[in-house]
Amino acid sequence: MGLLSEGSPLSWPETKALAAHVQRHGIEQFISQFNRLKERRGDSLKWGDEVEYMVVRLDRRARTARLALRSAELLDQLQATERRHPDAAPSLWRPEYGAYMVEGTPGQPYGSLISFFNTVESNMRARRQEVEALLQPDEILLSITSFPRLGCGTFTEPPCRPTPGSGSSRSLFIPEEVIFPAHPRFATLTRNIRERRGKKVAINMPVLVDERTPRPFVEDLARLGDDGSSQAAALPDHVYMDAMAFGMGCCCLQITFQAENLLEARRLYDQLNPLCPILLALTAASPIHRGMLLATDCRWDVIAMSCDCRTDEERGLTPLRQDRFVIPKSRYGSTDSYISECGRPYNDVELVMDPALFGRLAESGIDDLLAGHVAHLFIREPISLFSEKVQQDDAVDMDHFENIQSTNWQTMRFKPPPAGSNIGWRVEFRPCEVQLTDFENAAIVCFVVLLTRVILSYKLNFLIPISKVDENMRRAHKKDAVLTEKFWFRSDFLCDGSPCVDAETEYSELTVNEIFNGKGDEFPGLVPLVTHYLNAVNIDADTRCTMGQYLQLIRRRASGELQTTASWIRRFVAGHADYARDSVVPESTAFDLLVACQEVTAGRRAEPTLLGRLGSRTDNHLPAAILRTPSLYKQV
Ligand code: ADP
Ligand code: MG
Ligand code: MG
């Protein structure tokens, strides 16, 4: 999330009344920005990562681990350098949904020099140290995807209580104080999603059935103050959650790329799209939610349900009367269409859209693929609106566009240049779960960036029907998907970028191992493709060595030789003395797990099944001499 707009949030009824205004003007803003910048070219590859962290307070005597609600305080200190020298801060810090979360990005995006790959990990390490320097002795910083006991009894420091009868979420489990307090956006989103939906959100994730898990697994929610509505929304054999925090309170790893021009951005958006479920499965790291082991390994569906503002009519449960569309997915979901010409034959999911907004985009010269994408985003109403932002100049402002765009949380995001900036057309890759160590996170980031280089340089084509990508998203969630699932994947991947012919034989079902490491004559594998590319470009020995370690990690995670973070967490819980094989993760187990996570992160605990003996040098940085003579290094 970029810098947040400041101001006074409107109530839901006020926002609802202005929804059509925001949508109409948002479209006009996109049109004017598009027409101004559609011919923009010559932007170089720039890219950057975003890592989210949680602050946890340990009580080693009581063996409890609680979320420290300190991010507002920490951010005030973390942003001090940026406030003084906006262009010279080594890292940038932003609030996230949770009052225990912070998000860090590099101070400047990375450039196209290949040796930048060798700086990512040390930059991540420096970022982590920046926060750690501000922590109290009993606090730790973790890059974990889900906090295991979020929503279980007392889980915050200071201790706070849920208020089912008041507050923005009305949750039985989540106190209001868990939501980042220093900016109204987060609580406003929470309230408006609930009010728009007409009831609390309902997240139901399948419970992992262990030896002693009661069957059917049904919880008594009345003891938490339920008025009956939660009990009615909770499914048997599922873990029920009722607040946005369960989803938006998760951490993730995101990567943004700037393309050379609009066409390249559209191409990258499409080509990375089928890779989203595959990278989600590989990075799976969240098998525990609300203190229970789930039958799933990833956060994605939890967040999708946690932000689902659709009404019963929009969900197709009751006939359309007040609302205009039946909408198949939550506004947090996987993308619904390709936007490059090459993707056209693979758009096999019908896009719900307002024909008037589509018509307006089309008549201003925007082609149907992009017009469809934007009009589809704009079926969503604004769910947070600030009074100061209502009146805008559509020729220069972009707030109404950004309002809808930034609350369509999809696996990929196509980002037009921001208003008044010198930034080019960008795409954001959003599926990955965050890993414990800077080494792993750097490996994933560098791998995905390299994939973009490989896709563009070799003109590869990974497109499969969008419905198959959706199917892959479902498969990616399953426990141990890396080992047990097959994914639709295009093996006929050599394409010159011109429109492709549709044929069922273009794609088949491959395991994650086959996708990354290859399958005979059918597909060479993503890792060998990246290796081939790295061998073809000129890189220094040090960077090559680091990349070798990163590729080993990816290769071995994909083959199952190393565990995913999710399966490592499962194994830790299953082997813990206090775990009673009933799917419940007790407080002492969660404490030991989080301590172990911290030790892995700090490199004090060897976990051969998770990391092998892999690891890169810890002091990677771009030597000043290289910075002064970039011509020494091949531009990519
Ligand atoms: P978000 O939409 O996720 O809030 P931000 O604008 O905060 O995105 O930027 C997210 C990421 O984009 C960061 O990693 C940052 O380094 C990177 N970034 C910033 N400027 C550029 C650019 N011109 N090209 C590519 N990436 C950029
Ligand atoms: Mg974020
Ligand atoms: Mg982002």
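Remember, predicted model here, so these are calculated numbers, not experimental data.

### Topic: the overall build of the protein
Point 1. Regarding its fold elements, the protein presents 24 helices and 17 strands.
Point 2. A compact globule built from 636 residues should have a C-alpha radius of gyration of about 26 Å, and the protein, at 24 Å, falls within 12% of that.
Point 3. Across the 636 residues in the protein, those meeting the buried criterion constitute 61%.
Point 4. In the protein, the proportion of contacts linking residues at least 24 apart, taken out of those at least 6 apart, comes to 76%.
Point 5. Carbon and sulfur atoms make up 52% of the accessible area of the protein, which totals about 23,400 Å².
Point 6. If you average the places of the 73 positive and of the 84 negative side-chain charges in the protein, the two averages end up 2 Å apart.

### A word on the state of the cysteines
Point 1. Tallied over the entire structure, the rule returns 0 disulfides.
Point 2. With no disulfide partner, C307 has as its closest neighbouring cysteine sulfur the one in C309, 8.6 Å distant.
Point 3. The closest cysteine sulfur to the non-disulfide-bonded C446 is located on C432, 12 Å from its own sulfur.
Point 4. A residue is classified by how much of its surface remains accessible, and C446, at 0% relative accessible area, is buried.

### Here's the deal with the coordination of the magnesium ion (ligand 3)
Point 1. Around the magnesium ion (ligand 3), the donor atoms from the protein are E50 (OE), E50 (OE), Q254 (OE1) and E428 (OE), and they sit 2.1 to 2.5 Å away.
Point 2. The sequence pattern describing where the donors of the magnesium ion (ligand 3) fall on their chain is E-x203-Q-x173-E.
Point 3. Here the magnesium ion (ligand 3) and the magnesium ion (ligand 2) are spaced 4.8 Å apart. In this pair, E50 sits in strand β1 (residues 46-59) while Q254 sits in strand β9 (residues 253-258), placing the two residues 204 residues apart along the sequence. Here the two residues E50 and Q254 agree in accessibility, since each one is buried.

### Comments concerning the coordination of the magnesium ion (ligand 2)
Point 1. The protein atoms that coordinate the magnesium ion (ligand 2) are E52 (OE), E96 (OE) and E103 (OE), at distances of 1.9 to 2.1 Å.
Point 2. Every donor residue of the magnesium ion (ligand 2) comes from the same chain, spaced as E-x43-E-x6-E.

### What to know about the nonpolar core
Point 1. Residues W47, V56, F429, F462, F516 and L526 are the most contacted members of the largest nonpolar core, which totals 188 residues.
Point 2. Broken down by element, this core gets its largest block of residues, 14 residues, from helix α15 (residues 438-458).
Point 3. Beyond its immediate sequence surroundings of up to four residues, L526 is in contact with L275, F447, L451, F462, F489, I515 and F516.
Point 4. Core analysis: the second largest hydrophobic core is formed by 9 residues, Y346, I464, V469 and W488 among them.

The rules behind the values
Residues numbered from 1 in each chain as written. Chains lettered and ligands numbered in written order. Predicted model: local features only at pLDDT ≥ 70, side-chain atom pairs only at ≥ 80, totals over all residues. Heavy atoms only, no water. Helix = DSSP H or I, 4+ residues; strand = E, 2+ residues; numbered from the N terminus. Rg over C-alpha atoms; globule rule 2.2 N^0.38 Å. Buried < 20%, exposed > 50% of the residue type's maximum accessible area, 1.4 Å probe, protein only. Contact = heavy atoms within 4.5 Å. Areas by Shrake-Rupley, 256 points an atom, 1.4 Å probe, with all protein chains shown as cover. Lys, Arg positive; Asp, Glu negative; His and termini not counted. Charge placed at Lys NZ, Arg CZ, Asp CG, Glu CD. Disulfide = S-S within 2.5 Å. Donors = N, O, S within 2.8 Å, 3.2 Å for Na, K, Ca; no water. Core = buried A, V, L, I, M, F, W, Y, C linked by side-chain atoms within 4.5 Å.

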